[in-house]
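# Topology and contacts: notes
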Amino acid sequence: MTLYDRLYELYAEFDTETLRAYREFVDLFPPLDSRVALDNWDEANADLADRRERIERAFGDEGDALAEVAAMADRESAFTALDLHGKYGRAPNALVLDVDETLRSAGDTDNEIPRETLHLLTEFAERGTPLVICTGQTLENVKGFLIQGLGNELVHSGDVSVVYEAGAGVFTPGSGADTKRLLYDDLAEDVRGVVDDVRDGVLREAPERVRRGCHLQGNEFNVTLKPNYETGSDDAEAVIDEAMVHLLDLVGGAAGERLDIDDGAAAARAYYAAADPEIAGAIDRAGAAADGDVPDAAATLFDRLEIALYRADAAELAAAELHKAAGVEASLDVLGVDDPFVCVMGDSKSDLRVMEWAEEHDSGVAAAPEHSSQNVLEHVRSTDDLVFAPGAASDVLRTMYAWRCLADLNGSN
């Protein structure tokens, strides 16, 4: 009997839906000081064990693994996992996870990572699958919600790594001298110098509306201006558009001083407007011009500096060499994942870069929420079509978990 046949028999002959319901109840039962509640939990746990035991008896040596699959994944997820295993011959040995609008969704989960998702991440860690949290957020923000959600012991176990500020640094607690790697330390002096100069003047030299209407996010390296208005509002859009022009002018001025260019600000506006239609739109909405000349030396330096507009949300400066893919490679190195095959979950352009890295190196699969940027969705749908609903990252995680179980059963991990 093939593994496909055994999986088919598993879902045809056993009440796996009730099994999963008991497993979820037992795993996610909140701590309550109630004798009645604890009695209910004990009863559910006993029923769960009984249902698992029936599966284990029916499938012999493979029973434990198949019972685990049935307890964690529905029929569709299990067969998707089997198909993925047939395609790649191995299961993910690390998870690379974006946070905002991937693990958590402001529209569907009150911007909190669901308890189900957090619990699944601990299940992966217990099976020896390292977690790489890959985000544009600052390190302090990430550390706070990770410890709260996953617990201090797991976060400091040496199996969790954080790529923060979209690749500026990597933090892997419990890794000795490699606990914190500052990737921006390796940048060339001219790139670091421009970013440092911009940070020094970004608020001090800002137009009054930007100075009053924006705040500087507490980044360690990247320079990010955020609105003091509700994200997405007309006021936020207007102030971020003006902040983008201000940021471009600072970058151009700092570059011009280093390269002896007369009008570096005009060169920066022209260069980045030509490179990104969204930036061109912000310049136009702010009533500014983007028609300067771009000397070759300026273009060479600008090419190493990334400026991004998140409409009505942020204007950001970063080094082009610092990106999530470079951070993920550094994280996997610290974690000791020598032959990576990862599951990358994300929604934005910065996550797409990691997905493309995984595909280029035959090093993993990609998954994304259905509200992701168009380029991300095109990539995910053209590979394995692992698209999930907002706030439902657990759906893909359950597929990945079943894949790990099936790979272990097949002796290919």
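Predicted model only: the values in this text are computed from it and were never measured.

Estimated volume of the largest pocket: approximately 1600 Å³. As for the largest pocket, its lining consists of 49 residues, of which Ala-308, Tyr-310, Glu-316, Ser-348 and Ser-350 are closest to the centre. With six residues, the single largest contributor to the lining of the largest pocket is strand E8 (residues 305-310). Residues that form the lining of the largest pocket fall into these classes: 16 nonpolar, 15 polar and 18 charged. There is about 400 Å³ of room inside the second largest pocket. Around the second largest pocket, the lining is made up of 20 residues, and of these Asp-74, Ser-77, Asp-395, Val-396 and Thr-399 lie nearest the centre. Mapped onto the lining of the second largest pocket, the elements with two or more residues apiece are helix H2 (16-28), helix H4 (63-72), helix H5 (75-88), strand E12 (386-388) and helix H18 (393-410). The dominant element in the lining of the second largest pocket, judged by the number of residues it contributes, is H18, at four residues. When the residues that make up the lining of the second largest pocket are grouped by side-chain class, the tally is eight nonpolar, three polar and nine charged.

Applying the stated criterion across every chain, the model contains one cavity of 30 Å³ or more. Within this model, the largest cavity holds a volume of roughly 60 Å³. Looking at the largest cavity, the residues that line it are Arg-20, Arg-23, Glu-24, Asp-27, Leu-28, Ala-71, Met-72, Glu-116, His-119, Leu-120 and Arg-398. Broken down by secondary-structure element, the contributors of at least two residues to the lining of the largest cavity are H2, H4 and helix H6 (115-126). Looking at the lining of the largest cavity, the element that brings in the most residues is H2, giving five residues. The residue inventory of the lining of the largest cavity, partitioned by class, reads four nonpolar, one polar and six charged.

Below, the discussion takes up H6. Here H6 is 12 residues long and its end C-alpha atoms lie 17 Å apart, about the 16 Å a rise of 1.5 Å per residue gives. Summarising burial for H6: nine of the 12 residues are buried, a large majority. For H6, the complete set of buried residues consists of Thr-117, Leu-118, His-119, Leu-120, Leu-121, Thr-122, Glu-123, Phe-124 and Ala-125.

Under the 1.5 Å per step criterion, the end-to-end length of H5 is 20 Å for 14 residues, consistent within 8% with the ideal 20 Å. Considered for burial, the residues of H5 that qualify are Ser-77, Ala-78, Phe-79, Ala-81, Leu-82, Leu-84 and His-85. Where the residues of H5 are buried, they touch helix H1 (3-13), H4, E12 and H18.

A word on the nonpolar core. Membership of the largest hydrophobic core comes to 68 residues, with the highest contact counts inside it found for Val-251, Tyr-272, Phe-302, Leu-305, Ile-307, Leu-317 and Val-328. Every residue in contact with Val-251, bar those within four places of it in the chain, is listed here: Val-194, Val-198, Tyr-272, Phe-302, Leu-305, Ile-307 and Leu-317. Listed in part, the 63 residues of the second largest apolar core include Ala-125, Phe-145, Leu-154 and Ala-367.

Of the two faces of strand E10 (residues 342-345), the one holding Val-342 and Val-344 and the one holding Cys-343 and Met-345 are both buried throughout. Sheet topology note: the E10/strand E11 (residues 364-369) ladder contains four bridges and is parallel. Residue pairing for E11: Val-344 is matched across the bridge by Ala-366. In this view, the connection linking E10 to its parallel neighbour E11 by way of helix H16 (residues 349-360) has right-handed handedness.

A cluster of acidic side chains, namely Glu-356, Glu-359, Glu-360 and Asp-362, defines a negative patch on the protein surface. Examined against the element boundaries, Glu-356 turns out to sit in helix H16.

The rules behind these values
Residues numbered from 1 in each chain as written. Predicted model: local features only at pLDDT ≥ 70, side-chain atom pairs only at ≥ 80, totals over all residues. Heavy atoms only, no water. 1 Å grid on protein atoms, 1.4 Å probe; cavity = no way out; pocket = protein on both sides within 12 Å on 5 of 7 lines; lining within 4 Å. Points joined across faces, edges and corners; volume = space filled by probe spheres on them. Helix = DSSP H or I, 4+ residues; strand = E, 2+ residues; numbered from the N terminus. Nonpolar A, V, L, I, M, F, W, Y, C, P; charged D, E, K, R; others polar. Expected span 1.5 Å × (residues − 1). Buried < 20%, exposed > 50% of the residue type's maximum accessible area, 1.4 Å probe, protein only. Contact = heavy atoms within 4.5 Å. Core = buried A, V, L, I, M, F, W, Y, C linked by side-chain atoms within 4.5 Å. Pairing = 2+ DSSP bridges. Right-handed = clockwise from strand over helix to strand, strands pointing away. Patch = residues over 30% accessible without salt bridge, like charges linked within 9 Å, V, L, I, M, F, W, Y side chains within 5 Å. Areas by Shrake-Rupley, 256 points an atom, 1.4 Å probe, with all protein chains shown as cover. Salt bridge = Lys/Arg side-chain N within 4 Å of Asp/Glu carboxyl O. Lys, Arg positive; Asp, Glu negative; His and termini not counted. Charge placed at Lys NZ, Arg CZ, Asp CG, Glu CD.

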